[in-house]
Structure formats: C-alpha cells, structure tokens
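Below, each chain spelled out in residue letters.
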Amino acid sequence: MPPIFPILQTERLTLREIVPGDADALFLIHSDAQTMRWFGIDALTERSQANQMAAMFAGWFLAGTGVRWGIVRNEDDTLIGTGGLFRWNKSWHNCMLGFELSAAMQRHGYMREAVSAILDYGFTHMNLHRIQAESHADNAASIGLLTRLGFSFEGVHRQQAHWAGQFHDLNCYSLLQHEWQT
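Everything numeric in this text was worked out from a predicted model, so none of it was measured.

Visitor: Quick one: what's the story with the overall build of the protein, residue by residue and with numbers?
Guide: Helix and strand content of the protein: five helices and eight strands. Listing the helices and strands of the protein from first to last along the sequence gives β-β-α-α-α-β-β-β-α-β-α-β-β. Dimensions along the principal axes, computed over C-alpha positions, put the protein at roughly 40 × 40 × 30 Å. When each of the 182 residues of the protein is scored for burial, the buried share is 49%. Considering only contacts in the protein between residues 6 or more positions apart, those separated by 24 or more positions represent 59%. Per element, the accessible surface of the protein, about 9,400 Å² overall, is 51% carbon and sulfur.

Written out as structure tokens, the structure is:
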C-alpha cells in the first residue's frame, strides 16, 4: 500500500480517508436500525461507538490489512457512507468488500459509482485476483448491486454472522480480476 491514503474521484463522489471528524456522520448512518439491519452489527447507540468505528477503519490502512473510504458527495461535501476492502490476504491476492450508505442517499446510483472505483483500485493497485462479498439473502439491494457489477454467487455460509441476537446465513459472492469490466 502507498504510505499516503489513496483518494478516489468519481463523477459525483470523492472517496477519502475516514477521520475522527466523521464520527457524527458515521453515528447518523450506523445508529439507523433500518439501515443497519443488513450490515452485520447492531445499530450504534452511543456516539463513542462511532469514534471507535472511525478508528477501526483507519487502523486497517495503517496495519496494511485493507482500506475503508468515506464516501463523500462532491456537491455538498457530505459523508453519505463508507466502503472498502478488508481482510486483505496479500499472498493469496484476495480480500473482502464491504459498504453501507445512509438511507436518504440510497437508490441514486451512488453505491454503484463508489464500489466501481473501489474495485478498480483493488484490482489495479492492490494486485487483487479475487474480491469476495457476503450479503444476507434478504438484502435485495446489495445482491442486485453485486450481480450488476459482475459478482458470481458461490453459495451460502450457514450461520456465518451474529447480530440482533441471532445467527444469520450469508450468501457468498466473488469477482475475479479478469471478470471485472470497467
């Protein structure tokens, strides 16, 4: 990874480093139980949890295990979500993809725009061969995005995750470098 956090630009978005000043925006997104029902953790209940989340995301880059970008709308400099690549296995050339977007910003094509830039970065700059994503079977929006971007369904990871007091199956999707079309 480069020593300086990579900034990605798209037509409508800037993907940049998540900083402590983003904690309020992160809390707004991650405290919304409806938005977080598929994220894999319980909704945040205290602002201090958003500070911890910002530090965790920043730590991935510092440790060289991934990159999590804040997704910012260019028109008003508002942080509307995050997305990134994590659990980077450099010797196997693969990692995981994760993302979330505030409820108010969904269904405007922002996440497709952001994830496309993230995939470009992963395949081009991180030398990835495979990017994997996991989604709850009921998360139609994420599954639709992944399939539109070319991800293939591989199967179900039974009771892979635990949140909201129960275990959840997660669908596994993958995209290989040669399958990625920009």
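Visitor: Run through the side chain of Ser-116, naming residues and quoting values.
Guide: Topologically, Ser-116 is positioned in helix H4 (residues 110-125). Among the residues examined, Ser-116 registers a relative accessible area of 19% and is labelled buried. A distance of 2.8 Å separates a polar atom in the side chain of Ser-116 from the backbone oxygen of Arg-112. When residues no more than four places from it in sequence are discounted, the contact partners of Ser-116 are Leu-149 and Trp-180.

Visitor: Requested: an account of helix H3 (residues 47-63), with residues and values cited.
Guide: Three or four residues apart is the spacing at which side chains of an α-helix point the same way, because the helix has 3.6 residues per turn. Helix length check: H3, at 17 residues, gives a terminal C-alpha distance of 24 Å against a target of 24 Å (1.5 Å per residue), a fit within 8%. Three or more residues of H3 are buried, namely Ala-50, Met-53, Ala-54, Phe-57, Trp-60 and Phe-61. Looking down the long axis of H3, one finds its buried residues gathered within 115° of arc, a one-sided arrangement. In H3, the exposed residues that point more than 90 degrees away from the buried face are Gln-52, Ala-55, Leu-62 and Ala-63. Looking one or two residues beyond H3, the residue adopting positive phi is Gly-64, at roughly 75°.

Visitor: Any chance you could break down the confidence of the model for the protein for me, citing the residues and the numbers?
Guide: With 98% of its residues at a pLDDT of 70 or more, the protein shows a mean pLDDT of 92. Averaged pLDDT values over the elements of the protein bottom out at 77 in helix H2 (residues 33-36) and peak at 98 in strand S1 (residues 8-9).

Visitor: Can you tell me about the state of the cysteines, naming the residues and giving the values?
Guide: Under the defined criterion, the tally for this structure stands at zero disulfides. Summary of cysteine pairing: Cys-95 is not part of a disulfide, and the nearest cysteine sulfur, belonging to Cys-172, is at 13 Å. Overall, the relative accessible area of 3% leaves Cys-172 in the buried class.

Visitor: I'd love a proper account of the pairing of strand S7 (residues 152-163), names of residues and values included.
Guide: Relative to strand S8 (residues 166-176), S7 is paired through eight bridges, and the arrangement is antiparallel. Paired with Ser-152 across the bridge in S8 is Ser-174. Linking two consecutive strands that pair antiparallel, namely S7 and S8, is a turn of two residues; a positive phi of about 55° is found at Ala-164 within it.

Visitor: Explain the pattern of salt bridges to me, using residue names and the numbers behind them.
Guide: Tallying each qualifying case throughout the model produces seven salt bridges. Residues Glu-113 and Arg-12 are paired through a salt bridge, measuring 2.7 Å at the closest nitrogen-oxygen approach. A residue pair is termed long-range when its members are at least 10 positions apart, and Glu-113 in helix H4 and Arg-12 in the loop between S1 and strand S2 (13-17) qualify at 101 residues. You can call Glu-113 buried: its relative accessible area is 15%. Residue class for Arg-12 comes out partly exposed when judged on its relative accessible area of 28%. The shortest N-O distance in the salt bridge between Arg-73 and Asp-76 comes to 2.3 Å.

What counts and what doesn't
Residues numbered from 1 in each chain as written. Predicted model: local features only at pLDDT ≥ 70, side-chain atom pairs only at ≥ 80, totals over all residues. Heavy atoms only, no water. Helix = DSSP H or I, 4+ residues; strand = E, 2+ residues; numbered from the N terminus. Buried < 20%, exposed > 50% of the residue type's maximum accessible area, 1.4 Å probe, protein only. Contact = heavy atoms within 4.5 Å. Areas by Shrake-Rupley, 256 points an atom, 1.4 Å probe, with all protein chains shown as cover. Polar contact = N/O pair within 3.5 Å; in protein donor to acceptor, adjacent residues only side chain to side chain. Expected span 1.5 Å × (residues − 1). Arc of directions from axis to C-beta. pLDDT = per-residue confidence, 0-100. Disulfide = S-S within 2.5 Å. Pairing = 2+ DSSP bridges. Salt bridge = Lys/Arg side-chain N within 4 Å of Asp/Glu carboxyl O.

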